[in-house]
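Fold and geometry: a report
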Amino acid sequence: PFPTPTSPPPTSTPTPPPTVIPPTPTATPLTCLSAPGELRTGEVTTDERPIAYTVYLPPCYEEFPDRRYPVLYLLNGQPFSVDPYPPGEQWIRIGAPEAADALIHSGQAAPFIIVFPEDRYWNIQQGIRFGQYFLNNVIPYMDANYRTLADREHRAIGGLSRGGGWAFQIGLTNPSLFGSLGLHSPAIFSSDRAAFERWIRELSPDLWPRIGRVLLPKDYLRWRLTGEIATDPSDAAGTLFCDMRRR
């Protein structure tokens, strides 16, 4: 007789070990995002004496080394005795860095750089050489040494009182450099009217800058924080500006 076939002994299938899924790392929030910006000081070399400056760098400037920023230049008003020192002391005292921090932290504005250049050149024998040094030395230095967006659309100039008049003059006569002007209680006098009207007439329509005019001190911070622009029809400078803008 043939032997009765037998079934092979059952084999056991090994159970694979459980797959260990590593925990998802939790991103550490950057503390700089809620920190204030930083103020630094320095000097720009010119053919004569150097021009000092204070620069406001937005939060996380050092943490994002590949990022570039719009830049705002703010000029001082005329003091009673000596020019403000350190540069930008007037703007710093009325809260410009804090206003910038509030705009950036709230998301109302992208991070930006503010430059407060020393402007005493305009008060001494060199006279209007401040404008020359500002354009030929200060702006190129800032573009080379800080991460600015070095084009018209991302560069603005503003000023307080006397500095507002200078910002208007510099902006209108160099329209390819500035896309925005901030005239904060600008000191523009009737004797300046003919010159400003000529600059307005000669300005190409495609180079007309964005212009904001506010009154200081309280209305400056309101404008920076809410966007509301105060107007005063009795303000002769503002009336002159509006008359010229309509031409």
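Residues numbered from 1 in each chain as written. Predicted model: local features only at pLDDT ≥ 70, side-chain atom pairs only at ≥ 80, totals over all residues. Heavy atoms only, no water.

Some remarks on the pairing of strand β1 (residues 38-44)
Across seven bridges, the pairing between β1 and strand β2 (residues 51-57) is antiparallel. Within the sheet, the bridge partner assigned to Gly42 lies in β2 and is Tyr53. Linking β1 to β2, which pair antiparallel, is a turn of six residues. (Pairing = 2+ DSSP bridges. Helix = DSSP H or I, 4+ residues; strand = E, 2+ residues; numbered from the N terminus.)

A word on the pattern of salt bridges
For the structure on display, the rule yields eight salt bridges. Here Glu153 makes a salt bridge to Arg210, at a shortest N to O gap of 3.2 Å. Here Glu153 is found in the loop between α3 (129-145) and β5 (155-160), whereas its partner Arg210 is found in strand β7 (residues 210-214), with 57 residues between them in sequence. Residue Arg210 is classed as partly exposed on the basis of its relative accessible area of 45%. Between Glu197 and Arg193 there is a salt bridge, with the nearest N and O atoms lying 2.9 Å from each other. Pair noted here: Glu197 and Arg193 are both in helix α5 (residues 193-202), with a separation of four residues, about one helical turn. When its relative accessible area of 29% is taken as the criterion, Arg193 is described as partly exposed. Look at the salt bridges and you will find they share partners, linking Glu38, Arg40 and Glu62 into a network. (Salt bridge = Lys/Arg side-chain N within 4 Å of Asp/Glu carboxyl O. Buried < 20%, exposed > 50% of the residue type's maximum accessible area, 1.4 Å probe, protein only.)

Considering α5
By the burial criterion, the buried members of α5 are Phe196, Glu197, Trp199 and Ile200. All buried residues of α5 fall inside an arc of 160 degrees around its axis, so they share one side. Of the exposed residues in α5, the ones pointing more than 90 degrees away from its buried face are Ala194, Arg201 and Glu202. (Arc of directions from axis to C-beta.)

A closer look at the packing of helix α4 (residues 162-173) against α5
Orientation of α4 relative to α5, taken along the N-to-C sense of each, is 35 degrees, at an axis distance of 9 Å. Where α4 crosses over α5, the two elements pack in a sense that is left-handed. Residue-level inspection shows Gly165, Phe168, Gln169, Leu172 and Thr173 of α4 in contact with α5, the latter providing Phe196, Trp199 and Ile200. Of the residues that constitute the contact of α4 with α5, the class distribution is five nonpolar, three polar and no charged. (Axes fitted to C-alpha atoms, helices over the stretch in contact; angles between N-to-C directions. Left-handed = near helix turned anticlockwise from the far one by under 90°. Contact = heavy atoms within 4.5 Å. Nonpolar A, V, L, I, M, F, W, Y, C, P; charged D, E, K, R; others polar.)

Here we look at the environment of Arg129
Mapped onto the elements, Arg129 comes out in helix α3. Sequence separation between Arg129 and Asp119 is 10 residues; the distance between their C-alpha atoms is 9.8 Å.

Overview of the side chain of Asp143
Among the secondary structure elements, Asp143 is positioned in helix α3. There is a polar contact of 3.1 Å between the side chain of Asp143 and the side chain of Arg155. (Polar contact = N/O pair within 3.5 Å; in protein donor to acceptor, adjacent residues only side chain to side chain.)

Examining the state of the cysteines
Here, disulfide denotes a covalent bond that connects the sulfur atoms of two cysteines. Here the structure, examined in full by the defined rule, presents one disulfide. Disulfide pairing places Cys32 opposite Cys60 at an S-S distance of 1.9 Å. Its S-S torsion of approximately 95 degrees makes the covalent link between Cys32 and Cys60 right-handed. Linking Cys32 in the segment before β1 with Cys60 in the loop between β2 and β3 (71-75), this pair joins segments that are 28 residues apart in sequence. (Disulfide = S-S within 2.5 Å.)

What to know about the confidence of the model for the protein
Taken over all residues, the pLDDT of the protein has a mean of 77, while the share at 70 or more is 68%. Mean pLDDT values over the elements of the protein span from 32, in helix α7 (residues 236-245), up to 95, in strand β4 (residues 113-117). Within the model, pLDDT remains below 50 along residues 215-247, and this stretch shows 61 contacts once partners closer than five positions in the same chain are excluded. (pLDDT = per-residue confidence, 0-100.)

Here we look at the pairing of β5
For β5, the tally of buried residues reaches six of six residues, placing the bulk of the element in the interior. Residues Arg155, Ile157 and Gly159 line one face of β5 and the alternating positions Ala156, Gly158 and Leu160 line the opposite face, and both faces are buried. Summarising the sheet, β3 and β5 pair through five bridges and their orientation is parallel. The residue of β5 that forms the bridge with Leu75 is Gly159. Bridge analysis of β5 against strand β6 (residues 180-184) gives five bridges, and the strand direction is parallel.

What about the layout of surface pockets?
Empty space within the second largest pocket amounts to approximately 190 Å³. Lining the second largest pocket are 13 residues, and of these Gly165, Trp166, Ala187, Phe189 and Asp192 sit closest to its centre. Looking at the lining of the second largest pocket, the elements with two or more residues in it are α4 and α5. Tallying contributions element by element places α4 first for the lining of the second largest pocket, with four residues. Of the residues assigned to the lining of the second largest pocket, the class counts are seven nonpolar, four polar and two charged. (1 Å grid on protein atoms, 1.4 Å probe; cavity = no way out; pocket = protein on both sides within 12 Å on 5 of 7 lines; lining within 4 Å. Points joined across faces, edges and corners; volume = space filled by probe spheres on them.)

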